[in-house]
Amino acid sequence: MIFETVAKILGEYKDVDPATITRDATFASLGLDSLDTVEIVMSLEDAFGIEIDMEQSLQNVEDLVKLIEAKKA
Amino acid sequence: MKIVATGSAVPDLIVGNQELTGFLDTSDQWIRERTGIEQRRIHQGDLEMLAARAAQNALAAAGLSAGQLDLILCSNVHSRYLTPSLSSVVQGLIGASCPCLDINGACAGFVYALEIAAAHLQSRRYQRILLLCAEEPTRMVDWHDRSTCVLFGDAAAAAIAVPEGEAPLFKMGVVSNDQAIYAYHGPGNCPYEKSDRRETPLVMKGQEVYKFAVQSSQADIQYLCGQAGIGLEQVDYFLLHQANARIVEAVRSHLRQPPEKFPSNVRRYGNTSSAGLPLLLDEVNRQGKLQPGDTVILSAFGAGLTTGSCLLKW
């Protein structure tokens, strides 16, 4: 469920079909630079009601999913 | 409080992105896509001279002489002086005789100066206050660090405030964080110094600062509109700290307001720290865009992390 929401938010941001977004997709491969990543993080914070600080290194979709799973646990 | 005049001064030297690729592993496209910056001005003399020119331009616009000022508030992070204050030096250069002091609110310094000015004007302690922002972030960055040096430029800008009109509303804050943006002095040669800290050029954690800036700015703007009992659509202009076009655009888009309400000049000047907001204000003012009675929100953030937002009637 977390992955699906992440994919949906990424899909909306990049205007692509969420079904094409895989867990191992890097932000760079999705055409997202470091500031786009922050926008995604802020949308995910709203969606999941969590706070994510930008200290950690986030490189791909899986990193985000794991981080949210840990925050929601 | 009413701002009766604005003025600014920028260095003559224009450095475009392409020129930076001569000594940095970067590209015009990389810089433009991530920041919106195409060029910056870099001064090659002493900052106090630039500051004095900005002050004189504001005085001329107000039709005042320097001798008529009764307070100078100067926002400054770095100049060649550790002491005396930059404002004391500029006071002499422009021929003023009033008290003056420097404040360091980093990039939010203009809004901090406005808040101090508003309190002094409201108390009627002072009648004509010069708010001056003079900054040389190009002297604080490591010119081998492509992630920071491309972002900044130098500038000075000023405004003159008098005790007329409605009291502005402010939302000021600090979320203490000395690691998101910082630079260290050298330790000097004190024989009792124990730390191994060395002079460190500006370090900025871009993602962290972007998130802080976008979230705090939109929240503060909404707070001010709530305090004023108006909707966002009733604000004529939102003047945001010109750090990065992406931040301005993110705030605009989150607030769902039209681009023409968010004037921007970061493309031409880069981030000039606290000078950026009064520089933009001066530009918008001289273009005749501001009409008496217009509602204007100024919003800035900076190292600290400081935030300052102000809703005022022009």
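Residues numbered from 1 in each chain as written. Chains lettered and ligands numbered in written order. Predicted model: local features only at pLDDT ≥ 70, side-chain atom pairs only at ≥ 80, totals over all residues. Heavy atoms only, no water.

## Description of the overall build of chain A
Logical step 1: When you go through chain A residue by residue, the secondary structure sums to three helices and zero strands.
Logical step 2: Starting at the N terminus and ending at the C terminus, chain A contains elements arranged as α-α-α.
Logical step 3: In terms of overall size, chain A behaves like a compact globule, its C-alpha atoms giving a radius of gyration of 11 Å where 73 residues would be expected to give roughly 11 Å.
Logical step 4: The C-alpha extent of chain A, read off along each of the three principal axes, is 30 × 25 × 20 Å.
Logical step 5: Among the 73 residues that make up chain A, the fraction classed as buried is 48%.
Logical step 6: Sequence-distant contacts in chain A: of pairs separated by 6 or more residues, those separated by 24 or more amount to 52%.
Logical step 7: Total accessible area on chain A stands at roughly 3,900 Å², and carbon and sulfur atoms take up 49% of it.
Logical step 8: If you average the places of the 6 positive and of the 16 negative side-chain charges in chain A, the two averages end up 5 Å apart. (Helix = DSSP H or I, 4+ residues; strand = E, 2+ residues; numbered from the N terminus. Rg over C-alpha atoms; globule rule 2.2 N^0.38 Å. Buried < 20%, exposed > 50% of the residue type's maximum accessible area, 1.4 Å probe, protein only. Contact = heavy atoms within 4.5 Å. Areas by Shrake-Rupley, 256 points an atom, 1.4 Å probe, with all protein chains shown as cover. Lys, Arg positive; Asp, Glu negative; His and termini not counted. Charge placed at Lys NZ, Arg CZ, Asp CG, Glu CD.)

## Here's the deal with the sheet that holds strand 7 (residues 155-162) of chain B
Residue and element names in this part refer to chain B.
Logical step 1: Strand order in the open sheet formed by five strands is 1-7-6-4-5, and the pairing between neighbours is mixed. Since the sheet does not close on itself, it has two edges, and those belong to strand 1 (2-9) and strand 5 (100-103), each with one partner. Averaged over all adjacent pairs, the angle separating strand axes in this sheet is 20°, with direction ignored.
Logical step 2: Pairing analysis gives five bridges linking strand 4 (residues 71-75) to strand 6 (residues 129-135), with the strands arranged parallel. (Pairing = 2+ DSSP bridges. Axes fitted to C-alpha atoms, helices over the stretch in contact; angles between N-to-C directions.)

## Notes on the nonpolar core
Logical step 1: Counting 66 residues, the largest nonpolar core has Val6 and Val61 of chain A as the members making the most contacts within it.
Logical step 2: Contributing elements (two or more residues each) for this core: helix 1 (2-14), helix 2 (34-48) and helix 3 (61-72) of chain A together with helix 6 (206-228), strand 11 (237-240), helix 7 (245-255), strand 12 (295-302) and strand 13 (304-313) of chain B.
Logical step 3: Examining the composition of this core, we find that eight residues originate from one element, helix 6 of chain B, more than from any other.
Logical step 4: The contact partners of valine 6 of chain A, leaving out residues within four places of it in the chain, are Leu44, Val61, Leu64, Val65 and Ile68 of chain A.
Logical step 5: By size, the runner-up hydrophobic cluster in this structure holds 40 residues, among which are Ala108, Ala118, Leu279 and Val284 of chain B. (Core = buried A, V, L, I, M, F, W, Y, C linked by side-chain atoms within 4.5 Å.)

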